[in-house]
Amino acid sequence: MNHSKLSAILAAAALAVGIVSFSPLAPADNTAATATPAMMQQTSLDTLKSQALTDLRSGQWDQTHQLLATAASQSNDPVIHQMADWAQAFDAQNQTFSAERHKEYNRVVAQVKLLAADGYTDYAIDRLKEAYVLADDKNKFVAEPWVASLIQQAITRSAADEKSEDWLKAVRLYSDLANVQPSEAQWKDELKVATRHFRLMAEYAADDYLKTQDKEEKARDAAEKLLADAHLLSPDEEKAYATAATKPAEASATTRPSKDVDDETAADAYKVDWHDTLKGIQMDMLRDALDQSKADYFRQVSFKTLGVGGLNGVEAVVTTKLLKDTFPGMADEAKRQTFLQSINDDLAEVKASNLLDEHDILFHVLDDLEKVNSQTVKLPEEVLVSEFADGAFGQLDPFSTMIWPSDVAEFNKDVQGEFTGVGIEIDSGDDGSLQVVSPLEDTPAYKAGIQAGDIIAAINGKSAKGVTTTEAVRLITGPAGTPVTLTIKSPDGVSRDLKIIRQKIKVSSVKGYTRLPGGEWNYLVDPDSKIAYLRITQFTKTTPDELGAACKQIQAKGARGLIMDLRGNPGGLLNAATEVCDKFLTDGVIVSTHADRADSPNPPTIATAHDDGDELTMPMVVLVNQYSASASEITSGALKDDHRATIVGERTFGKGSVQMLLPIGDQQDCYLKLTTAHYYLPSGRCIHREENSKTWGVDPDVTVEMTPDQMLKVMQQRRDLDVLRDAADKEKPKQVVGAAQSAINSEKAKAADPLEADPQLSAGLLVLRLQLAGNSDVMAKTN
């Protein structure tokens, strides 16, 4: 709302208060003719509150504050004064959040310019991506001359890195370009190619891969030192850097600068043999999988598309020169060129095929590929098949892939959800390092202090460089009661050895606001307004029952409103999501699935809500962010479309595809994980984000962005609250503390309160406070 519109509303409200006193002509046969000043004043207040709540829903915090302040100045109603006070407090807090964002933006921009000026162009471009995320007007930022110049340098350097086969740098730069120019499809395509070559190097040429990582790490350390010397790091980063760069004489044997970890263990690194990971792969499996994908994929797919992708996958192997030592046949240049020419001929034949002959041509090409390969470079059959499959199914979507024989046992373990380990989610970073996505709450890893963003540098004393996520899971998990030692490198550069005892992982998926002594949850985030808070960390088979138990406690406390936090929730079981929705809905569609093709063998499905008589009817806010995916998007989307909840935060991830596990062959020791449908919200909107999608996921009703630094602080505070009120308090003997100690504890608790650093939670709380305090008829007009 602009200033003139705000002034008009205030003027109209003021006029409404005095219309009876100042209007010389009372209208005939109109209720306003007999209205009292008190009635007209109430109309004015309702107008102000209604517009304030409307502005609140669009994130116009300052207008909300001004309108409620005006309402408070015209009324002695303590409720309106309380609403105005809440709005004023949040407006001040929001200005602080905004100032923090701008400060972080300015600091990152200064980092970019310094790195670029000192020749660290690659790392300047990395930081440019961060500045882009923080910029208020992203289009204007990208158009700035110095930014455009740096982007052009990134384009030039990435092409040069690709030519010289410096795949790690190429991946990083193409990733940066894809982030700062998201509408340019070229960078996503280039990133796919570079990523494939980088994976090939990591899988088949581990020594070269480790050397590339070491070189990259040294260059990055130098860039970070430049920033530290210029005092361009945040206070926390500055402190962390100083800790990492200095090795005190009294440092314990289990805490040391991370570079020592690599130096001590690189020679004794895990060597993952590709023979083991590809064992049992045969050409017949590929043929069956190609037929299966054609029949069951959620949209029409041609054998031509699959064939082109598969041949490009094999071509990538033969054109990655670093693999010559692994596959000696590639060292004979004449034979390598002969094989490449054969691939090009096959590509031309596949591209020229039509619907009538594409199947026969593709399978003929596979025969030819096997024959020419055996006469030239002699790639092992399992490599030929694996890389053709990777290229072919990579043409479909990121979630359609093969589960080869060596992966089946691990995959079944994940699907069943029963395993013993330490409780961490891991993934490979852009630089190939083994990164912690998140510790699972209430697990050994969580209680040991492992956090999202940590790097697993070594497992049982052996370097984890080059270890795939599948192999890492195999090494870290094991029988309950047995130990595993993880060397964890935190973002501050310090490493520590953590000896962790494996146990059966039973993760509670529903959490409250703070821990109570003994481990129970306090669900009330605002005891005065009776507003409850709960988090669903993932959707498991026990989530509906856990939610039911939590809701009973919430109702027992007399809660009048509920904030459900789905931020960072990666999803889980579909039926768990629909049962959660059913707890708040009495009828209507929750989610539907269907393929994009009329001849799909997989029929559409519809999940609906039922009136079970125990639904929670209190007002709700649901918090989401860009890391809320899959089942969490189904839940937030259904509650939004039904107007059952106000969604606060940022647009969700956009993972809305349905995968089926299709057995390949008679032995069922191999599977094709294939996308067979997409999820659709009650409004008909598709959740899934396609490569060129402009709409996806769930858009919030109230958009509140958070910086990476703010998100990190909230995660740290949340973890501290959970751990301190659970494990730490149990270990401390109960004793009476003096007033001074009580004051210290109170100050610590205040400092750790997520409301002090969490813009999204604070915004959600304000929405519910004003909704509960305002007139229900007024709120109905804003829905």
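This text follows the structure it describes.
The shown structure was predicted, so the numbers you read here are calculated from the model rather than taken from an experiment.

Chemist: I tried to follow the packing of aromatic side chains on my own but got confused; where do I start?
Modeler: Between two aromatic rings, the relevant description is the distance of the centres plus the angle of the planes. Under the definition given, this model contains ten aromatic pairs. Between Trp274 and Phe327 the ring centres are 5.6 Å apart and the planes differ by 65°, which places this aromatic pair in the edge-to-face class. On the criterion of sequence distance, the pair formed by Trp274 in helix H13 (residues 274-277) and Phe327 in the loop between helix H15 (303-318) and helix H16 (333-351) is long-range, its members being 53 residues apart. Taking the centre distance of 5.6 Å and the plane angle of 75° together, the rings of Tyr513 and Tyr533 count as edge-to-face. Residue Tyr513 is found in the loop between strand S11 (510-511) and strand S12 (514-515), and its partner Tyr533 is found in strand S15 (residues 531-536); the two are separated by 20 residues along the sequence. Residue classification places Tyr533 among the buried positions, given a relative accessible area of 1%. Here the basic side chain of Lys138 rests over the ring of Tyr132, its NZ or CZ set 5.9 Å away from the ring centre. The ring of Trp696 has Arg689 lying over it, and the distance from NZ or CZ to the ring centre is 3.8 Å.

Chemist: Whenever I open this one, the packing of H15 against H16 confuses me. Can you help?
Modeler: Relative orientation and spacing of two packed helices are given, respectively, by the angle between their axes and the distance between those axes. At a closest axis distance of 9 Å, the pairing of H15 and H16 adopts a crossing angle of 170°. Classified by the interaxial angle, the pair formed by H15 and H16 is roughly antiparallel. On H16, the residues that touch Lys304, Gly307, Val308, Leu311, Asn312, Val314, Glu315 and Val318 of H15 are Arg336, Phe339, Leu340, Ile343, Asn344, Asp346, Leu347, Val350 and Lys351. Looking at the contact of H15 with H16 residue by residue, the classes come out as nine nonpolar, three polar and five charged.

Chemist: I'm lost on the side chain of Arg336 in this one. Help?
Modeler: Along the chain, Arg336 falls in helix H16. Setting aside anything within four residues of it in sequence, one finds Arg336 in contact with Val318, Thr319, Met330 and Val377.

Chemist: Explain the nonpolar core here, please?
Modeler: In summary, soluble globular proteins display a tendency toward joint burial of nonpolar side chains. Ranked by size, the top nonpolar core spans 96 residues in total, and within it Phe141, Leu290, Phe339 and Phe388 carry the most contacts. Broken down by element, this core gets its largest block of residues, nine residues, from helix H8 (residues 167-180). If sequence neighbours within four positions are ignored, Phe339 has contacts with Val314, Val318, Leu369, Val372, Asn373, Thr376, Val377, Leu379 and Leu384. Leu524, Val591, Ala677 and Leu681 belong to the second largest nonpolar core, which has 42 residues in total.

Chemist: How do you make sense of the environment of Asp137 when you look at a structure like this?
Modeler: Take Asp137: it is sitting in the loop between helix H5 (121-134) and helix H6 (138-143). Among the residues examined, Asp137 registers a relative accessible area of 43% and is labelled partly exposed. Among the polar contacts listed, one links the side chain of Asp137 to the backbone nitrogen of Lys140, at a separation of 3.0 Å.

Chemist: Got a minute to help me understand a negative patch on the surface in this structure?
Modeler: A contiguous patch of negative charge, built from Asp284, Asp288, Asp291, Glu381 and Asp666, is present on the exposed surface. When residues of the negative patch are assigned to their parent elements, the largest contribution, three residues, is made by helix H14 (residues 283-296). Topologically, Asp666 is positioned in the loop between strand S21 (657-663) and strand S22 (671-680). Residue Asp666 is classed as exposed on the basis of its relative accessible area, which comes to 80%.

Chemist: Can you help me understand helix H10 (residues 206-229) in this one?
Modeler: What sets the pattern is the α-helix's 3.6 residues per turn: residues three or four places apart point alike. Compared with an ideal rise of 1.5 Å per residue, which puts 24 residues at 34 Å, H10 spans 35 Å between its outermost C-alpha atoms and is within 8% of the ideal. Phi turns positive one or two residues past the end of H10, at His231, with a value near 55°.

Chemist: For this particular structure, what's the right way to read the environment of Trp274?
Modeler: Given a relative accessible area of 9%, Trp274 falls into the buried group. When the C-alpha atoms of Trp274 and Ala205 are compared, they prove to be 9.7 Å apart, with 69 residues separating the residues in sequence. For Trp274, the residues in contact, after removing those within four places along its chain, are Glu203, Tyr204, Thr326, Phe327, Pro380, Glu382 and Val383.

Chemist: Where do I start with unusual backbone geometry in this structure?
Modeler: Trans is the prevailing form of peptide bonds, just as negative phi is the prevailing case for residues other than glycine. Despite not being glycine, Lys378 has its phi angle at roughly 55°, a positive value. Positionally, Lys378 belongs in the loop between helix H17 (358-375) and helix H18 (381-393).

Reading the values: rules and limits
- Going along each chain's sequence as written, the residues are numbered from 1 onward.
- This being a predicted model, a pLDDT of at least 70 is required before a residue's local features are given, and a value of 80 or more before pairs of side-chain atoms are given or counted; all residues contribute to the totals for chains, interfaces and linings.
- No hydrogens and no water enter the side-chain calculation; it runs on all heavy atoms of the structure.
- Ring pairs are drawn from Phe, Tyr and Trp, using the six-membered ring of Trp, whenever the two centres fall within 6.5 Å, and their geometry is named by plane angle: stacked under 30 degrees, edge-to-face over 60, tilted for the rest.
- Helix numbers and strand numbers start at the N terminus; a helix is a DSSP run of H or I with at least 4 residues, a strand a run of E with at least 2.
- Think of it in three bands: with a 1.4 Å probe and only protein chains considered, a residue is buried below 20% of the maximum accessible area for its type, exposed above 50%, and partly exposed in between.
- A ring is considered to have a charge above it if a Lys NZ or an Arg CZ atom is located within 6 Å of its centre and within 35 degrees of its normal.
- To get an axis, fit a line to the C-alpha atoms, keeping to the stretch in contact for a helix; angles then go from 0 to 180 degrees between the N-to-C directions.
- To sort the angles, those under 35 degrees are grouped as roughly parallel, those over 145 as roughly antiparallel, those from 65 to 115 as roughly perpendicular, and the leftovers as oblique.
- In this analysis, two residues are considered to be in contact whenever any of their non-hydrogen atoms come within 4.5 Å of each other.
- Asp, Glu, Lys and Arg are counted as charged, while Ala, Val, Leu, Ile, Met, Phe, Trp, Tyr, Cys and Pro are counted as nonpolar; the rest, among them Gly, fall into the polar class.
- As used here, the term nonpolar core means buried Ala, Val, Leu, Ile, Met, Phe, Trp, Tyr and Cys residues forming a set that is joined through side-chain atoms within 4.5 Å.
- Residues adjacent in sequence count toward polar contacts only when both atoms are side-chain atoms; beyond that, a polar contact is any pair of N or O atoms within 3.5 Å, and within protein one must be able to donate a hydrogen and the other to accept it.
- Every patch collects residues that have over 30% relative accessible area and no salt bridge, joining them within 9 Å if they carry like charges and within 5 Å if they are nonpolar side chains (Val, Leu, Ile, Met, Phe, Trp, Tyr).
- To measure how exposed things are, a 1.4 Å probe is used in the Shrake-Rupley method; for residues, cover is taken only from the protein chains shown.
- In what follows, salt bridge is the name for a side-chain nitrogen of Lys or Arg lying within 4 Å of a carboxyl oxygen of Asp or Glu.
- Here Asp and Glu are counted as negative and Lys and Arg as positive; His is not counted, and neither are the chain ends.
- Charge coordinates come from a single atom per side chain, which is NZ of Lys, CZ of Arg, CG of Asp or CD of Glu.
- For a helix, the expected span equals 1.5 Å multiplied by the number of residues minus one.

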